[in-house]
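Survey of secondary and tertiary structure
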Amino acid sequence: MGHDIVILGAGYAGTSAVQYLEQNIGDRDVNLTWVNNQDYHLILHEVHRVIRNPDSQQKVTIPIRDIKGPATQFVEGHVEAVNTAEQTVSLTTGTEIPYDYLLVALGSQTAYYGIPGLDTRAHTLKSLEDALSIHQTLMAHGQRTTVDHPAQIIIGGAGLSGIQTAGEIATLRDEADLPLDIHLVEAQDSIMPGHSPSLQESVRRALDHADVTIHTADPITRAETDRIQFASGDSLEYDLFIWTGGITGRDAMAAAAIDTEHNRAKADATFQTSDDRVFAIGDAALVDVDGSLIPPTAQAAWQAAETAAENLLRSIAGQPLKTWAYTDKGTLISVGEATIAHDVEIAPIDTFGSYPAKFLKKFIAARWIADLTSWPRALKSWDAL
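Residues numbered from 1 in each chain as written. Predicted model: local features only at pLDDT ≥ 70, side-chain atom pairs only at ≥ 80, totals over all residues. Heavy atoms only, no water.

1. Topic: the overall build of the protein
- Summing up its helical and strand segments, the protein has nine helices and 26 strands in all.
- Computed over C-alpha atoms, the radius of gyration of the protein comes to 21 Å, within 12% of the 21 Å expected from 2.2 N^0.38 for 385 residues, which places it in the range of a compact globule.
- Taking the principal axes of the C-alpha coordinates as reference, the protein spans close to 70 × 45 × 40 Å.
- Split into buried and exposed, the 385 residues of the protein put 53% on the buried side. (Helix = DSSP H or I, 4+ residues; strand = E, 2+ residues; numbered from the N terminus. Rg over C-alpha atoms; globule rule 2.2 N^0.38 Å. Buried < 20%, exposed > 50% of the residue type's maximum accessible area, 1.4 Å probe, protein only.)

Below, the structure is given as structure tokens:
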């Protein structure tokens with residue numbers, strides 16, 4: 001009997017780990033089962049493009065059948081629970097999948113921080129369906145409103161996702177001539193909290209140029225049917241409210257008998273959790289490397305996947321596990337058609353925009369697609385990236 005490895009999730013971390021395992025299993029007696037709630041990989045850091053152009057959905061998704069090898073069994077389904085005592089994964093369909101070793105790469109879900117009304121009244125942007133729903137809602141509001149009484153669009157959270165969402169909506173507004181007022185709301189003192197002042201200022205200028213109104217330093221305290229309330233400032237009315245303000249772990253991990261925080265599995269620099277047969281990676285994990293938690297970003301997931309997958313194989317073989325160190329390779333962020341790059345390895349200057357930044361962002365996304373499939377496929381997606 002071979003060892004059963006089960007990989008949960010087809011985000012950046014899970015997808016990359018599956019490919020590494022397929023390429024490095026060799027003659028080991030190992031069975032791979034890959035579980036995801038959809039039969040495709042979504043290039044999540046480009047899903048905001050679908051808000052402006054729904055036709056781009058085919059270019060930011062890759063079918064699982066085009067990624068995995070024939071020996072890997074793929075199971076489409078929602079993970080309901082992980083039972084570490086029984087070493088099984090339960091799906092909402094009632095299916096139970098046994099494992100010897102488990103790689104949790106389920107990604108995250110939106111965190112609402114207990115703010116009343118947020119979970120029932122705000123749209124999120126965690127899936128292709130979310131992006132398509134936002135597009136349809138924007139178009140409907142745009143057709144019902146006028147220049148004198150534009151629809152009010154509020155995006156909560158001015159991190160990468162919130163800023164890119166605001167930029168796409170602004171570009172859609174301009175291209176489709178929709179009467180929309182766009183507001184970007186951030187509880188902290190500045191947009192992109194935690195990033196360098198030079199990047200913050202460059203992004204702010206791009207948002208100003210896109211006619212996005214920025215509100216900072218006043219947290220949302222309640223979402224009502226047609227307005228949001230703040231801790232100190234006046235309320236804002238809205239026709240569409242999108243929340244991108246934070247992440248938490250998946251509910252499926254709530255009952256797992258491993259150390260977690262907000263349903264995110266705690267792991268060390270080997271990606272092993274408190275259960276030595278369970279590894280965790282990407283947004284699903286809180287990975288502690290030398291006392292610092294790794295950011296829940298696409299580039300961190302890309303970097304980490306190979307070491308996590310290799311350590312699964314090492315664990316099966318009884319070999320010492322490798323430790324991993326994160327390297328921040330910089331930030332690339334789009335505001336509609338504008339792109340800002342900051343602290344990227346190959347550039348001699350700290351922060352820059354214009355065509356070089358735009359090309360670099362497109363190239364990195366295209367390289368990811370090429371690594372999963374081929375360069376011809378990546379180049380077909382170029383205009384949507």
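From this point, things continue past the structure.
2. Some remarks on the packing of helix H1 (residues 12–24) against helix H8 (residues 354–372)
- Axis separation between H1 and H8 bottoms out at 11 Å; the angle between their running directions is 40°. At the point where H1 passes H8, the crossing takes the left-handed sense. Between H1, through Tyr-12, Thr-15, Ser-16 and Gln-19, and H8, the contact on the second element is made entirely by Trp-368, Asp-371 and Leu-372.
- Grouping the constituent residues of the contact of H1 with H8 by class yields three nonpolar, three polar and one charged. (Axes fitted to C-alpha atoms, helices over the stretch in contact; angles between N-to-C directions. Left-handed = near helix turned anticlockwise from the far one by under 90°. Contact = heavy atoms within 4.5 Å. Nonpolar A, V, L, I, M, F, W, Y, C, P; charged D, E, K, R; others polar.)

3. Observations regarding the sheet that holds strand S16 (residues 236–237)
- Judged by pairing direction, the sheet is antiparallel, and its three strands sit side by side in the order S14-S15-S16 without closing on themselves. For this open sheet the edge positions go to strand S14 (220–223) and S16, each flanked by a neighbour on one side alone.
- By the bridge criterion, two bridges tie strand S15 (residues 227–230) to S16 in an arrangement that is antiparallel. Bridge pairing links Arg-227 to Glu-237 in S16. (Pairing = 2+ DSSP bridges.)

4. Considering the environment of Ala-255
- On the secondary structure map, Ala-255 appears in the loop between strand S18 (247–248) and strand S19 (260–261).
- Sequence separation of Ala-255 and Val-82 is 173 residues, and the distance between their C-alpha atoms is 7.0 Å.

5. Looking at the packing of H1 against helix H7 (residues 298–317)
- Packing of H1 against H7 leaves a shortest axis separation of 8 Å and a crossing angle of 40°. The two elements H1 and H7 cross, and the hand of that crossing is right-handed. Of H7, the residues touching H1 (which contributes Tyr-12, Ala-13, Ser-16, Ala-17, Tyr-20, Leu-21 and Asn-24) are Ala-298, Ala-301, Trp-302, Ala-305, Glu-306, Ala-309, Glu-310, Leu-312 and Leu-313.
- Considered class by class, the residues forming the contact of H1 with H7 number twelve nonpolar, two polar and two charged.

6. Some words on the sheet that holds strand S26 (residues 351–352)
- Ordered in space as S24-S25-S26, the three strands form an open sheet in which the pairing is antiparallel. Where the open sheet ends on each side, the last strands, each with one partner, are strand S24 (331–335) and S26.
- Relative to S26, strand S25 (residues 338–342) is paired through two bridges, and the arrangement is antiparallel. The partner of His-342 across the bridge, within S26, is Thr-351.

7. Some points on the pattern of salt bridges
- Under the defined criterion, the tally for this structure stands at 15 salt bridges.
- Between Arg-52 and Glu-175 there is a salt bridge, with the nearest N and O atoms lying 3.4 Å from each other. In this pair, Arg-52 sits in helix H2 (residues 49–52) while Glu-175 sits in helix H5 (residues 160–176), placing the two residues 123 residues apart along the sequence.
- With a relative accessible area of 15%, Arg-52 lands in the buried category.
- Linking Lys-59 and Asp-383 is a salt bridge whose minimum nitrogen-to-oxygen distance equals 2.9 Å. With a gap of 324 residues between them, Lys-59 in the loop between H2 and strand S4 (61–63) and Asp-383 in the segment after helix H9 (375–380) connect regions that are remote in the sequence.
- Within this structure, Glu-46, Arg-49, Arg-52, Glu-168, Glu-175, Glu-337, Lys-358 and Lys-361 form a network of salt bridges that share partners. (Salt bridge = Lys/Arg side-chain N within 4 Å of Asp/Glu carboxyl O.)

8. So, unusual backbone geometry
- One non-glycine residue with positive phi stands out, namely Gln-87, at about 55°.
- Tracing the sequence through the fold places Gln-87 in the loop between strand S6 (79–83) and strand S7 (88–91).
- Looking at Gln-87, the relative accessible area reads 22%, which means it is partly exposed.

9. A few points about the layout of surface pockets
- Reported here for the second largest pocket is a volume of approximately 200 Å³.
- The wall of the second largest pocket is formed by 15 residues, among which Arg-49, Arg-52, Asp-383, Ala-384 and Leu-385 lie closest to the centre.
- Elements with a minimum of two residues in the lining of the second largest pocket: H2 and H8.
- Among the elements that line the lining of the second largest pocket, the one with the most residues is H8, at three residues. (1 Å grid on protein atoms, 1.4 Å probe; cavity = no way out; pocket = protein on both sides within 12 Å on 5 of 7 lines; lining within 4 Å. Points joined across faces, edges and corners; volume = space filled by probe spheres on them.)

10. A closer look at the pairing of S14
- Pairing geometry for S14 and S15, over three bridges, is antiparallel. Following the sheet pairing, Ile-220 is matched in S15 by Phe-230.
- Where S14 folds back onto S15 in an antiparallel hairpin, the turn is made up of three residues.

Geometry only, nothing functional implied.
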